[in-house]
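A structural walkthrough
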Amino acid sequence: MSRNIGLYIHIPICRSKCYYCDFSSYPLNRFTEKDLDLYVLALEYELKHLASLGLASTELTSVYIGGGTPALIDPARLVLIMESVVRYFTLANSCELTIELNPSNCTPNLLRGLQKAGFNRYSLGVQSFNDPALLQLGRAHTGEEARAAAQFLRQEVSNLSLDLIYGLPNDSLARWQADLEEVLVLQPDHISLYSLQVEEGTPLARQVAAGLVEQVDDDLQASLWEWTCDRLYPTDYEHYEISNWALPGKESRHNLGYWLYTPYYGVGAGAAGFLGGQRYRNSSDPWFYTELMRKGKFTAKFPAAEEVERISKEQQVIGQIILALRTNRGLNTERIVGISAAEFWRRYGQKITEYCAMGLMWRNQQIVGLTETGMALSNRIFLTFMP
Ligand code: SF4
């Protein structure tokens, strides 16, 4: 029987590195044309191998090409990647096919190539329209380029997602309001709003440690969140996940798959996957990954993986609880695989009753979820479910 399953393909290439970024990505100028061709071929080999495993359904409900900046490798190569996908996998009816885009290279020519490759959902990393904010983030585009790219895509595509970041060093409510209002004028189908995280090992973390920039304080962070919820709540956008808002029917199916704990393939250097109760992460070095795939030693189940972890039954239970609580659908306690509803309530019932009384959680018979206030404090609430 087929189940929902997604496919994530990682293109670890960017024009330059943003200061806050800890994703696996390398500057474009380190790749020759031949490197790029070989990387695309390596992806084909890994796709073929994973399809042959028969670990889960081979009918894909979503494909997501992210990075990095996937469009930098040339649309013709993206066409080749999508041809490999359909060569080895069956796409479900109305399969969601998303590509991440960066404002610095969004042109009519590129969009024609992407449409030819079959993408039906476009996710543009705007982050901000404000030049000083973009400078602080180390983004490789200006506010005007972000504006032009977002307006162009809004005219041309029917399923558009825009990303913004809040809680920057020296941030202000006025800066954030201006950015979100500009996004709302464009009426994207989906909006992702992320609070800036200072990740270890990034240039931003070094700037913070050296006292060159100051992290936003908790009070301002809370005000930004509250204003955002108050502003979006009366609109048609549904707050369907802590950081994500969508018009009806325009939720990211691919990301919903992660939150609903469904399996997914991860392909490419630095990609992660979750199949058959195992989580794996591929080697993040694209040249090493390419070499591995070209050697063709597919004796291991996940031949490009540098980490494979069997997720214990208990970890899977905790994962299902926490990920479902990120969504506004909440957690159906009768549908957690590995634990009965009775056992769930025995373990967590008292705490959940307290959270409900504090206005942080709601309960509807066997379904529980976080309120807007609870979402703002989700990291603390999730600790309740940790071992
Ligand atoms: S564009 Fe995205 S992936 Fe590339 S460096 Fe910036 S944040 Fe990282």
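Residues numbered from 1 in each chain as written. Predicted model: local features only at pLDDT ≥ 70, side-chain atom pairs only at ≥ 80, totals over all residues.

1. Some words on the pairing of strand 1 (residues 6-11)
Looking along a regular strand, one sees side chains alternate from face to face of the sheet. By the criterion of burial, strand 1 is predominantly enclosed, with 6 of the 6 residues buried. By the alternation rule, side chains of strand 1 split into Gly6, Tyr8 and His10 and Leu7, Ile9 and Ile11, which are all buried. Pairing of strand 1 with strand 11 (residues 264-267) involves 4 bridges; the strand directions are parallel. Paired with glycine 6 across the strands is tyrosine 264, a residue of strand 11. Inspection of the sheet shows strand 1 paired to strand 4 (residues 59-67) by 6 bridges, in the parallel sense. Looking at the pairing, isoleucine 9 lines up with isoleucine 65 of strand 4. (Buried ≥ 20, exposed ≤ 12 C-beta atoms within 10 Å, placed from the backbone. Helix = DSSP H or I, 4+ residues; strand = E, 2+ residues; numbered from the N terminus. Pairing = 2+ DSSP bridges.)

2. Examining the nonpolar core
Formed by 93 residues in total, the largest nonpolar core has its most connected members in Leu7, Ile9, Leu43, Val63, Leu124 and Val267. Per-element tally for this core: the top contributor is helix 1 (residues 33-53), with 7 residues. Residues lining this core come from more than one domain, with at least three contributed by each of domain 1 (6-259) and domain 2 (330-385). Contacts of valine 267, omitting those with residues within four sequence positions, involve Leu7, Ile9, Leu43, Glu46, Leu47 and Leu50. (Core = buried A, V, L, I, M, F, W, Y, C linked by C-beta atoms within 7 Å. Domains from an automatic or database assignment. Contact = placed C-beta atoms within 7 Å.)

3. Re unusual backbone geometry
Omega for the peptide link from glycine 67 to glycine 68 comes to 15°, which places this bond in the cis form. Among the secondary structure elements, glycine 68 is positioned in the loop between strand 4 and helix 2 (75-88). Residues other than glycine seldom take positive phi values, yet asparagine 170 does so here, at roughly 60°. Along the polypeptide, asparagine 170 turns up in the loop between strand 7 (160-166) and helix 6 (173-186). A residue is classified by how many C-beta atoms lie within 10 Å of it, and asparagine 170, with 13 of them, is partly exposed. The backbone phi angle of tyrosine 261 is positive, close to 65°, even though this residue is not glycine. Along the chain, tyrosine 261 falls in the loop between helix 9 (253-259) and strand 11.

4. Thoughts on the site of the ligand
Contacts to the ligand come from Cys14, Lys17, Cys18, Cys21, Phe23, Ser25, Gly67, Gly68, Thr69, Asn102 and Gly125. A per-class count over the shell around the ligand returns 4 nonpolar, 6 polar and 1 charged. (Near = placed C-beta within 6 Å. Nonpolar A, V, L, I, M, F, W, Y, C, P; charged D, E, K, R; others polar.)

5. A closer look at the environment of isoleucine 311
Examined against the element boundaries, isoleucine 311 turns out to sit in the loop between strand 14 (305-310) and helix 11 (313-325). A sequence separation of 207 residues divides isoleucine 311 from serine 104, and the C-alpha atoms of the two residues are 39 Å apart. Apart from residues no more than four positions distant in its own chain, isoleucine 311 is found in contact with Gly277, Gln278, Arg279 and Gln316.

6. Comments concerning the domain arrangement of the chain
Examined at the domain level, the chain breaks down into domain 1 (6-259) and domain 2 (330-385). The straight-line distance from the C-alpha centre of domain 1 to that of domain 2 is 30 Å. Each side of the interface is counted separately: domain 1 has 4 residues, and domain 2 has 4 residues. For the side of domain 1 that touches domain 2, the residue count by class is 4 nonpolar, no polar and no charged.

7. Here we look at the packing of helix 6 against helix 8 (residues 218-232)
Remark: helix 6 packs on helix 8, axes separated minimally by 10 Å, with the N-to-C direction vectors making an angle of 30°. Here helix 6 lies roughly parallel to helix 8, going by the angle between them. Helix-helix and strand crossings are classified by hand; for helix 6 and helix 8 the assignment is right-handed. Seen from helix 6, the contacting residues are Leu173, Trp176, Gln177 and Leu180; seen from helix 8, they are Ser223, Leu224, Trp227, Thr228 and Arg231. (Axes fitted to C-alpha atoms, helices over the stretch in contact; angles between N-to-C directions. Parallel < 35°, antiparallel > 145°, perpendicular 65-115°, else oblique. Left-handed = near helix turned anticlockwise from the far one by under 90°.)

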